[in-house]
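Report on the structure
The primary structure of each chain is shown beneath.
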Amino acid sequence: MALIFDRPACLTPAPFTYCPGCGHGVVHRLLAEIIDELGIQDRTIGMASIGCSVFNYRNFDIDMLSCPHGRAPACATGVKRVHPDAFVFTYQGDGDLAAIGTAEILHAANRGEKITVVFVNNAIYGMTGGQMAPTTLLGGKTTTSPAGREADGAGHPLHVAELLATLPGVVFAARSGVHNPASIHKTRGHLKKAAQAQLAGKGFSIVEVLANCNMNWGMEPDESNRWIETTLSKEFPLGVFKDGQV
Ligand SMILES: Cc1ncc(C[n+]2csc(CCOP(=O)(O)OP(=O)(O)O)c2C)c(N)n1
């Protein structure tokens, strides 16, 4: 019998430690699939960050560094400069990338570092108990904004993919989701394009992925996926903001 579905070679048998229903595992699988497809497992080096994905170096069967608290783009810069033939990626949440690590991501992108950033935006700090993130929607109730986020004082949701797309060093910037099959398919395509941009030596690439945090959002998994469709993706439009490859 033909085998039509299996674990990507790039994933270890270690179980994911995410909450049931969480989108992180889907993003892991997609990333592993494209690394397999591009045949670059032996020259891929990943940067694990902080947040729920802090232990993802246990899941990817590749070389990985642990670079918590927003420092992944800085670490990736050093690794890529020393190993220019490697495929170097960071895997970061919105608290890690868009709060504590804002300086690192902005300057790595502005320098046009030839790295790929996988940015999982679930609009909240997942790991530390559901605090407000820079990506939390206006009116969004979190443990640190129990009355709802207000622009006056907390600012507006930060649009990372669009922001970075304005920088000349950025070659590919896109946002997709993992909330339905069509979006998952698009995310896979974006990840592949982002990787190809790096492998072609063209510059910085980022794929922002809208993902659910059903536990901290206080929703059932299917409800949280629908909320991405009806609400979160209205604030964070899906699409390609820059594709400098053609
Ligand atoms: C009390 C406290 N404040 C700050 C931190 C730093 N910190 C570690 S994980 C995290 C949240 C990360 O959230 P995000 O990057 O959105 O990833 P997610 O967990 O949602 O996947 C923060 C702020 C910490 N560990 N403890």
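Here is a short report on the structure shown in this document. (Residues numbered from 1 in each chain as written. Predicted model: local features only at pLDDT ≥ 70, side-chain atom pairs only at ≥ 80, totals over all residues. Heavy atoms only, no water.)

Quick word on the packing of aromatic side chains
Under the counting rule described, the total for this entry stands at 5 aromatic pairs. On the basis of an interplanar angle of 35° and a centroid distance of 6.2 Å, the ring pair of Phe87 and Phe89 is categorised as tilted. The class of Phe89 is buried, set by a relative accessible area of 0%. Judged by centre distance (4.8 Å) and plane angle (65°), the ring pair of Trp217 and Trp227 falls under edge-to-face. Note that Trp217 is positioned in helix 8 (residues 214-217) and Trp227 in helix 9 (residues 221-235), a separation of 10 residues in sequence. Take Trp217: its relative accessible area is 15%, and that puts it in the buried class. (Phe/Tyr/Trp six-rings, centres within 6.5 Å; stacked < 30°, edge-to-face > 60°. Buried < 20%, exposed > 50% of the residue type's maximum accessible area, 1.4 Å probe, protein only. Helix = DSSP H or I, 4+ residues; strand = E, 2+ residues; numbered from the N terminus.)

As for helix 9
The first and last C-alpha atoms of helix 9 sit 20 Å apart over 15 residues, in line with the 21 Å expected at 1.5 Å per residue. The largest bend along helix 9 reaches roughly 45° and is located at Ile228. Buried within helix 9 are the following residues: Ser224, Ile228, Leu232 and Ser233. Those residues of helix 9 hidden inside the fold are in contact with strand 4 (116-121), strand 6 (204-210) and helix 8. (Expected span 1.5 Å × (residues − 1). Bend = angle between axes of the 7 residues up to and from the residue. Contact = heavy atoms within 4.5 Å.)

Some points on the layout of surface pockets
Using a probe with the size of a water molecule, rolled over the atoms, empty space left in the structure can be pinpointed. Quantified by volume, the largest pocket comes out at close to 270 Å³. Around the largest pocket, the lining comprises 19 residues; the ones closest to its centre are Ile50, Gly51, Gly95, Asp96 and Tyr125. By residue class, the composition of the lining of the largest pocket is 7 nonpolar, 10 polar and 2 charged. Considered as a void within the structure, the second largest pocket measures approximately 190 Å³ in volume. Along the walls of the second largest pocket sit 17 residues, with Thr17, Tyr18, Cys19, Cys52 and Met127 positioned nearest its centre. Tallying contributions element by element places helix 8 first for the lining of the second largest pocket, with 3 residues. In the lining of the second largest pocket, the residues fall into 9 nonpolar, 8 polar and no charged. (1 Å grid on protein atoms, 1.4 Å probe; cavity = no way out; pocket = protein on both sides within 12 Å on 5 of 7 lines; lining within 4 Å. Points joined across faces, edges and corners; volume = space filled by probe spheres on them. Nonpolar A, V, L, I, M, F, W, Y, C, P; charged D, E, K, R; others polar.)

Side note on the pairing of strand 4
Within strand 4, 6 of the 6 residues are buried, which leaves it mostly tucked inside the rest of the structure. Two strands pair when backbone bridges link them, and strand 3 (residues 87-93) and strand 4 are joined in this way by 5 bridges, in the parallel orientation. The partner of Tyr91 across the bridge, within strand 4, is Val118. Alignment of strand 4 against strand 6, held across 6 bridges, turns out to be parallel. Bridge pairing links Phe119 to Glu208 in strand 6. (Pairing = 2+ DSSP bridges.)

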